[in-house]
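Structural features, examined
Given next are the chains, with one letter for each unit.
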Amino acid sequence: MPGLLRGVARTAVVAGTATAVSNRVSRRQQGRWASQQGYQQQPAEPPPAAAPVAASQPDESMESKLDQLKQLGDLKEQGVLTEAEFEEQKRRILG
């Protein structure tokens, strides 16, 4: 049972991170397209508060945290995440 919970927790963290990154990329692209087309971008509503990431389970292995950090590093290298976003997600993982 602990293995199942660990897998579910890992999936939730990865999915949450992927969703946050995807939303950030979409907003960034919309801003670029709007500026290229000469449109005045209206101030966007503040984004809804992100769902809290499940707190690290006491039995969550260091290996899963390292995997998540590697994924974040890859996203940062690809330019998807800024330094600040990378640091925030890293802080959440290491919590």
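To start, this report covers the structure provided alongside it. Residue positions are given per chain, counted from 1 along the sequence in the order it is written. Where totals are concerned, whole chains, interfaces and linings use all residues; where local detail is concerned, this predicted model gives features only for residues with pLDDT of at least 70, and gives and counts side-chain atom pairs only at 80 or more. Remark: hydrogens and water are excluded; side-chain values derive from all non-hydrogen atoms of the structure.

1. Considering the nonpolar core
Among the nonpolar cores identified, the biggest contains seven residues, and these are Val21, Leu69, Leu72, Val80, Leu81, Phe86 and Ile93. Helix numbers and strand numbers start at the N terminus; a helix is a DSSP run of H or I with at least 4 residues, a strand a run of E with at least 2. If you list the elements that add at least two residues to this core, you get α2 (62-77) and α3 (83-94). Not counting residues up to four positions away in its chain, the partners in contact with Leu72 are Thr17, Leu81, Phe86, Gln89, Lys90 and Ile93. What makes a nonpolar core is a set of buried Ala, Val, Leu, Ile, Met, Phe, Trp, Tyr and Cys residues whose side-chain atoms join them at distances within 4.5 Å. Think of it in three bands: residues with accessible area under 20% of the maximum for their type are buried, residues over 50% are exposed, and the middle band is partly exposed, with areas taken using a 1.4 Å probe on protein chains only. Note on definitions: a residue-residue contact is assigned when non-hydrogen atoms from the two residues lie within 4.5 Å.

2. Points about α2
In this model, α2 (16 residues) spans 22 Å end to end at C-alpha, consistent with the 22 Å of a helix rising 1.5 Å per residue. The set of residues buried in α2 consists of Ser64, Lys65, Gln68, Leu69, Leu72 and Gly73. Phi turns positive one or two residues past the end of α2, at Gly79, with a value near 85°. Here, expected helix span is obtained from the residue count minus one, scaled by 1.5 Å.

3. Brief notes about the side chain of Glu85
Mapped onto the secondary structure, Glu85 falls in helix α3. A polar contact is formed between the side chain of Glu85 and the side chain of Arg24, at a distance of 2.6 Å. When residues no more than four places from it in sequence are discounted, the contact partners of Glu85 are Arg24, Arg28 and Val80. Polar contact is the term for a pair of N or O atoms within 3.5 Å; when the atoms are in protein, one must be able to donate a hydrogen and the other to accept it, and sequence-neighboring residues count only if both atoms are side-chain atoms.

4. Here we look at the environment of Leu94
With respect to the helices, strands and loops of the structure, Leu94 is situated in helix α3. Taking the relative accessible area as the measure of exposure, Leu94 reaches 45% and is therefore partly exposed. A sequence separation of 26 residues divides Leu94 from Gln68, and the C-alpha atoms of the two residues are 9.9 Å apart.

5. With respect to the packing of α2 against α3
Lines fitted to C-alpha atoms define the axes here, with helix axes fitted over just the stretch in contact, and angles between the N-to-C directions of these axes take values from 0 to 180 degrees. Packing of α2 against α3 brings their axes to within 10 Å, and their N-to-C directions diverge by 175°. With respect to their mutual orientation, α2 and α3 come out roughly antiparallel. Residues Lys65, Gln68, Leu69, Leu72, Gly73 and Lys76 of α2 pack against Glu83, Phe86, Gln89, Lys90, Ile93 and Leu94 of α3. Charged means Asp, Glu, Lys or Arg here, nonpolar means Ala, Val, Leu, Ile, Met, Phe, Trp, Tyr, Cys or Pro, and polar covers whatever is left, Gly included. When the residues that make up the contact of α2 with α3 are grouped by side-chain class, the tally is five nonpolar, three polar and four charged. Orientation labels follow simple angle bins: below 35 degrees gives roughly parallel, above 145 gives roughly antiparallel, 65 to 115 gives roughly perpendicular, and whatever is left gives oblique.

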